[in-house]
Amino acid sequence: MAALGWLPPRKRSATARSVLAGEASAEAARKTAQAGPDQLTEAEADAAGPDLLEAGEPAEGPAEPAFPVAGDDLAAAFFDLDNTVMQGAAIFHFGRGLYKREFFRRRELARFAWQQAWFRLAGVEDPEHMQDARDSALSIVKGHKVSELMAIGEEIYDEYMAERIWPGTRALAQAHLDAGQKVWLVTAAPVETATIIARRLGLTGALGTVAESVEGVYTGRLVGEPLHGPAKAEAVRALAAAEGLDLERCAAYSDSHNDIPMLSLVGHPYAINPDTKLRKHARTNDWRLRDYRTGRKAVKVGVPAAAGVGAIAGGAAAAIALHRRRK
């Protein structure tokens, strides 16, 4: 994929594959952006609470003027997905839905359960687990039509993802929409899955990992690399250049220290449900923090082994038992 003509040339610290992944994601996002976002439902607004709709009054962080600024068309908002907008990781929920449809065997389900349990218990993304999950997903979808997976993705959203949306983060996104600004998801999940979630939430569109397809069929390869870490920052930078945005007037939201490159690009970075490293970084740099988790849990990698094994075994057993009951 050649360099995009609308991007200003500059020296980049990211790898060539990160740049390629970011630019491909920005290109895909612009093609699938939604023109008319839905409004936050009354139920979602009630669940979020009035204090969460006022982005200028966070639970932690310094005071600042009302934000977002209504009518500022040079500003936009970028939201990480996993554990920021939605509880858990989208790719694991997607894998669960594919297993239900017999795209793969029980052994792969156990691996998905292990990775999801780690994500939920440790509270942080493990790059090795995430890479393994993406490799598995690519091998599973190879040879399938993009249209087929999009249709299945709609069903999986209803089955596993819709009830896991954080109302507080959803309210923050709506505040940007109400101010007349575009709102984008930015995630390592497949761009097709991310686009479905963005559309269901009434957002503008999504930046996600781009899987290669030829004549509408997945090849099992990625364009560049997964949209993670520096690649997310490249995608946001590329999209901002294409949309004519001023990044100093934009906002970004994430739970993970892996997204510090993306958060550092904008003038209004927010740490949402932050992991330990991001919380520390946010406090050091006077970034705004919000935590929508019920009963803030200590985010530690050193989870007791017995608890970790129990949760993993329980998750896998529950999924297998559910599958058996449906036979």
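For the structure, check the block above.
Thresholds applied
Residues numbered from 1 in each chain as written. Predicted model: local features only at pLDDT ≥ 70, side-chain atom pairs only at ≥ 80, totals over all residues. Heavy atoms only, no water. Helix = DSSP H or I, 4+ residues; strand = E, 2+ residues; numbered from the N terminus. Phe/Tyr/Trp six-rings, centres within 6.5 Å; stacked < 30°, edge-to-face > 60°. Buried < 20%, exposed > 50% of the residue type's maximum accessible area, 1.4 Å probe, protein only. Polar contact = N/O pair within 3.5 Å; in protein donor to acceptor, adjacent residues only side chain to side chain. Contact = heavy atoms within 4.5 Å. Bend = angle between axes of the 7 residues up to and from the residue. Axes fitted to C-alpha atoms, helices over the stretch in contact; angles between N-to-C directions. Parallel < 35°, antiparallel > 145°, perpendicular 65-115°, else oblique. Left-handed = near helix turned anticlockwise from the far one by under 90°. Nonpolar A, V, L, I, M, F, W, Y, C, P; charged D, E, K, R; others polar. Core = buried A, V, L, I, M, F, W, Y, C linked by side-chain atoms within 4.5 Å. Expected span 1.5 Å × (residues − 1). Pairing = 2+ DSSP bridges.

Draft legend 1. Quick look at the environment of D286. Tracing the backbone shows D286 in the loop between α12 (276-284) and β8 (288-290). Linking D286 and P269, residues 17 residues apart in sequence, is a C-alpha distance of 9.4 Å.

Draft legend 2. Structural detail: the packing of aromatic side chains. Applying the stated criterion across every chain yields a total of three aromatic pairs. Aromatic side chains F67 and Y270 sit 6.4 Å apart centroid to centroid with 20° between the ring planes, which places their arrangement in the stacked category. Of the two residues, F67 is situated in the loop between α3 (50-53) and β1 (76-80) and Y270 in strand β7 (residues 268-272); the sequence distance between them amounts to 203 residues. Of the two residues, F67 and Y270, neither departs from the other in class, the shared state being buried. Here Y253 and Y270 contribute two aromatic rings whose centre-to-centre distance is 4.6 Å and whose plane-to-plane angle is 20°, an arrangement assigned as stacked. You can see Y253 sitting in strand β6 (residues 251-254) and its partner Y270 sitting in strand β7, a full 17 residues away along the chain. Pair check on accessibility: Y253 and Y270 agree, each one buried. Linked through ring pairs, F67, F79, Y253 and Y270 together constitute an aromatic cluster.

Draft legend 3. Expanded view of the side chain of N273. Examined against the element boundaries, N273 turns out to sit in the loop between β7 and α12. At a separation of 3.1 Å, a polar atom in the side chain of N273 contacts the main-chain carbonyl oxygen of N83. With residues near it in sequence (within four places) discarded, N273 still touches N83, T84, W166, D255, R290, D291, Y292 and R293.

Draft legend 4. Focus on helix α7 (residues 146-161). By the largest-angle criterion, E155 marks the main kink of α7, which is about 25°. Among the residues of α7, those classed as buried are V146, L149, I152, G153, E154, I156, Y157, Y160 and M161.

Draft legend 5. Representation of the packing of α7 against helix α9 (residues 191-200). Contact geometry for α7 and α9: axes closest at 9 Å, N-to-C directions at 50°. As the angle between them shows, α7 and α9 are arranged oblique. Here α7 and α9 pass one another in a crossing that is right-handed. For the pair α7 and α9, the contacting residues are V146, M150, G153, E154, Y157, D158 and M161 in the first and E192, T193, I196, I197, R199 and R200 in the second. A breakdown of the residues in the contact of α7 with α9 according to their chemical character gives six nonpolar, two polar and five charged.

Draft legend 6. Expanded view of the nonpolar core. F79, L98, M161, L185, I197, L203 and Y253 are the most contacted members of the largest nonpolar core, which totals 43 residues. When residues in this core are grouped by element, the largest group, seven residues, is from α7. Apart from the residues within four sequence positions on either side, M161 is in contact with M86, A90, H93, F94, I156, T193 and I197. One finds V236, A240, C250 and V266 within the second-largest nonpolar core, a separate group that totals 27 residues.

Draft legend 7. Representation of helix α8 (residues 167-178) within the structure. For α8, with twelve residues, the first-to-last C-alpha span of 16 Å sits near the 16 Å given by 1.5 Å per residue. Counting buried positions along α8 yields ten of twelve residues, so the element is predominantly enclosed. Of all the residues in α8, the buried ones are G168, T169, R170, A171, L172, A173, Q174, A175, H176 and L177. Within two residues after α8, G180 carries a phi angle of roughly 85°, on the positive side.

Draft legend 8. Spotlight on the sheet that holds β7. Read from one edge to the other, the open sheet built from six strands follows the order β3-β2-β1-β6-β7-β8, with strand pairing classed as parallel. Pairing within the sheet leaves two strands with one partner each, and these edge strands are β3 (205-209) and β8. Ignoring which end each strand starts from, the neighbouring axes of this sheet average 20° apart. Pairing between β1 and strand β2 (residues 182-190): five bridges, direction parallel. Among the inter-strand pairings, A77 is bridged to a residue of β2, identified as V183.

No statement about biological role is implied by the geometric values presented.
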